[in-house]
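As a plain string of letters, each chain reads:
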Amino acid sequence: MPARLCRVFFILLLADMSDDALELIDISCTFRAKDAPGQRYTAVAGTSLRVRAGEFVSVVGPTGCGKSTLLNVAAGLLEPTSGAVKVFGQPLSGINTRAGYMFQSDALMPWRSALANVMLGLQYRGVPEREARAQAEQWLTRVGLAGFGDRYPHQLSGGMRKRTALAQVLALDPDIILMDEPFSALDVQTRQLMENEVLELWAAPGAGRRAAPRPGLSPSGGGREAPGGQQGQKAVLFITHDLDEAIAMSDRVVVLSAGPATHPIGEFVIDLARPRDVAEVRTHPRFVDLHAQIWGVLRDEVLKGYAQQLKKAA
Ligand SMILES: Nc1ncnc2c1ncn2[C@@H]1O[C@H](COP(=O)(O)OP(=O)(O)OP(=O)(O)O)[C@@H](O)[C@H]1O
């Protein structure tokens, strides 16, 4: 191989071996204010956030502070006013193709069955129909929906729709999963079941390794192993209002200030042993201790955020 080509190859290899799956670097997002069109509203200012490969990071903050804005930036759906995003060491421009996105509201197509919804992304990637169907069926089974593939979204419960959406994301074998309050609409019991299932799927060795090949990647498994973290374990950026959920699920919890100009004001390593049961871990003394510490930082921001919401509504 010519020396110059070797050098380029080596640089690309090094970039891809970055320990960080996702880096938000000094991000600011300014919007035109909704209620006063001439004015600008800075939702997020000077925010840096890193998620290592295989790491589960939650972001908590008061309502309306800018959590979804940051996730949209990470997904490449929103270009920040300033700052940069890196994905496995490479600058992001456009959509983050190494990330899968799970929204707060259902993003299933109502005219497609559960199976057809899960197949959609695979077909879009060019996976032949038969293979896409087989993979989608496997994923529906893994999320506990074997035999429900022919149901349409309106024939599924809220929890089942979330499972379908999860299968849809995992079938594409993203290296990074971006989740925006995915379970907030569920009742407490279903929510805890889903949280445990997400943790199990996240921790399962090789989860998602059977997914669709992507351009430029090996056709055998749809991807390289994520550097760092456990083999095949995905990096997760999880947005939630719920501090208990954040602590129970994460390796690290980042606390955001109230807006405007939201920015991180605290970061906590969650040193609770895994595997975890999200219901049981809440009674652990260390959980209680971490909760008290994080709530000590979050409480004032929640009160500020709430006061702002009241002012807006008045
Ligand atoms: N496209 C936009 N144009 C104008 N303002 C916006 C836009 N997107 C977000 N905002 C404003 O930015 C702020 C942050 O919004 P964002 O949805 O990111 O907050 P959040 O923390 O996710 O909210 P919630 O907790 O309610 O889910 C809000 O004040 C919102 O009104």
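Remember, it's a predicted structure, so these values are computed and weren't measured experimentally.

Chemist: Hey, could you run me through the site of the ligand in this one?
Modeler: The full set close to the ligand counts 14 residues, and Phe 31, Ala 43, Lys 67, Ser 68 and Thr 69 are the nearest of them. Residue assignment for the shell around the ligand shows that the elements contributing at least two residues are strand S2 (40–52) and helix H2 (67–75). The element contributing the most residues to the shell around the ligand is H2, with three residues. Here the residues of the shell around the ligand sort into four nonpolar, eight polar and two charged.

Chemist: Please explain helix H5 (residues 158–171) as it appears in this structure.
Modeler: Residue pairs spaced three or four apart in an α-helix point in one direction, given the helix's 3.6 residues per turn. An ideal rise of 1.5 Å per residue puts 20 Å on 14 residues; H5 measures up with 20 Å between its terminal C-alpha atoms. Most of H5 sits inside the fold, with 11 of its 14 residues counted as buried. Looking at the buried residues of H5, the elements they touch are strand S6 (99–102), helix H3 (114–124), helix H4 (129–142), strand S7 (176–180) and helix H6 (188–203). Positioned one or two residues after H5, Asp 173 has a phi angle of 50°, which is positive.

Chemist: Sorry if this is basic, but what is going on with the sheet that holds strand S4 (residues 82–87) here?
Modeler: Whenever strands of a sheet pair, they do so through backbone hydrogen bonds, lying parallel or antiparallel. Strand order in the open sheet made by the four strands is S2-S1-S4-S5, with antiparallel pairing throughout. Looking at the sheet topology across the chains shown, the edges are occupied by S2 and strand S5 (90–91). Where S4 lies against S5, two bridges are found, and the strand directions are antiparallel. Across the sheet, Val 87 pairs through a bridge with Gln 90, a residue of S5. Strands strand S1 (20–32), S2 and S4 of the sheet are contacted by H2, whose axis makes an angle of about 120° with S1.

Chemist: Can you walk me through the nonpolar core in this structure?
Modeler: Membership of the largest hydrophobic core comes to 74 residues, with the highest contact counts inside it found for Ala 74 and Leu 237. If one sorts the elements of this core by residue count, H5 sits on top with six residues. In contact with Ala 74, not counting residues within four places along its chain, are Leu 22, Leu 24, Val 85, Asn 96, Ala 99, Leu 178 and Leu 237.

Chemist: In this structure, what is going on with the packing of H4 against H5? I would like to understand it.
Modeler: For any two helices packed against each other, one specifies the inter-axial angle together with the distance between the axes. Here H4 crosses H5 at 130°, and the two axes come no closer than 9 Å. One finds that H4 runs oblique with respect to H5. Handedness of the H4/H5 crossing: right-handed. When H4 is examined against H5, the residues Gln 135, Ala 136, Trp 139 and Leu 140 are found in contact with a partner set consisting of Ala 167, Leu 170 and Ala 171. Of the residues in the contact of H4 with H5, the class split is six nonpolar, one polar and no charged.

Chemist: I tried to follow the packing of H3 against H4 on my own but got confused; where do I start?
Modeler: At a minimum axis distance of 9 Å, the contact between H3 and H4 shows a crossing angle of 125°. It follows from the interaxial angle that H3 and H4 lie oblique. In this structure, H3 meets H4 at a crossing whose hand is right-handed. Of H4, the residues touching H3 (which contributes Ala 114, Leu 115, Val 118, Met 119, Leu 122 and Gln 123) are Ala 132, Arg 133, Gln 135, Ala 136, Glu 137, Trp 139 and Leu 140.

Chemist: What's the story with the pairing of strand S3 (residues 56–60) in this structure? I'm lost.
Modeler: Within a regular strand, the side chains alternate between the two sheet faces. Judged by how many residues are buried, S3 sits mostly within the fold: five of five residues are covered. The alternating pattern of S3 places Phe 56, Ser 58 and Val 60 on one face and Val 57 and Val 59 on the opposite face, and all of these are buried. Pairing of S3 with strand S8 (residues 235–240) involves five bridges; the strand directions are parallel. When the sheet's bridge partners are listed, Val 59 is paired in S8 with Ile 239. Sheet topology note: the S3/strand S9 (residues 252–256) ladder contains four bridges and is parallel.

Each value, and the rule that gives it
- Just so you know, the residues in each chain are numbered from 1, in the order the chain's sequence is written.
- The predicted origin of the model limits local features to residues at a pLDDT of at least 70 and limits the giving and counting of side-chain atom pairs to 80 or more, whereas totals for whole chains, interfaces and linings rest on all residues.
- Near residues are defined by distance alone, with the backbone-placed C-beta atom required to lie within 6 Å of the molecule or strand.
- Numbering goes from the N terminus for both helices and strands, where a helix is a DSSP run of H or I of at least four residues and a strand is a run of E of at least two.
- Each residue is assigned to one class: nonpolar for Ala, Val, Leu, Ile, Met, Phe, Trp, Tyr, Cys and Pro, charged for Asp, Glu, Lys and Arg, and polar for all the others, Gly among them.
- Take the residue count of a helix, subtract one, and multiply by 1.5 Å to get its expected span.
- Counting other C-beta atoms within 10 Å of a residue's C-beta gives its exposure: the residue is buried at 20 or more, exposed at 12 or fewer, and partly exposed in between, where C-beta atoms are placed from the backbone.
- By definition, residues are in contact whenever their C-beta atoms, placed on the basis of the backbone, come within 7 Å of each other.
- Strand pairing follows a simple DSSP-based rule, namely that at least 2 bridges must link the two strands.
- Simply put, an axis is a line fit to the C-alpha atoms, just over the touching stretch for a helix, and the angle between two N-to-C directions goes from 0 to 180 degrees.
- We define a nonpolar core as a collection of buried residues of the types Ala, Val, Leu, Ile, Met, Phe, Trp, Tyr and Cys that are connected via C-beta atoms lying within 7 Å of each other.
- Roughly parallel covers angles under 35 degrees, roughly antiparallel covers those over 145, roughly perpendicular covers 65 to 115, and oblique covers all other angles.
- We call a crossing left-handed when the near helix sits turned anticlockwise from the far one by less than a right angle, and right-handed when that turn is clockwise.

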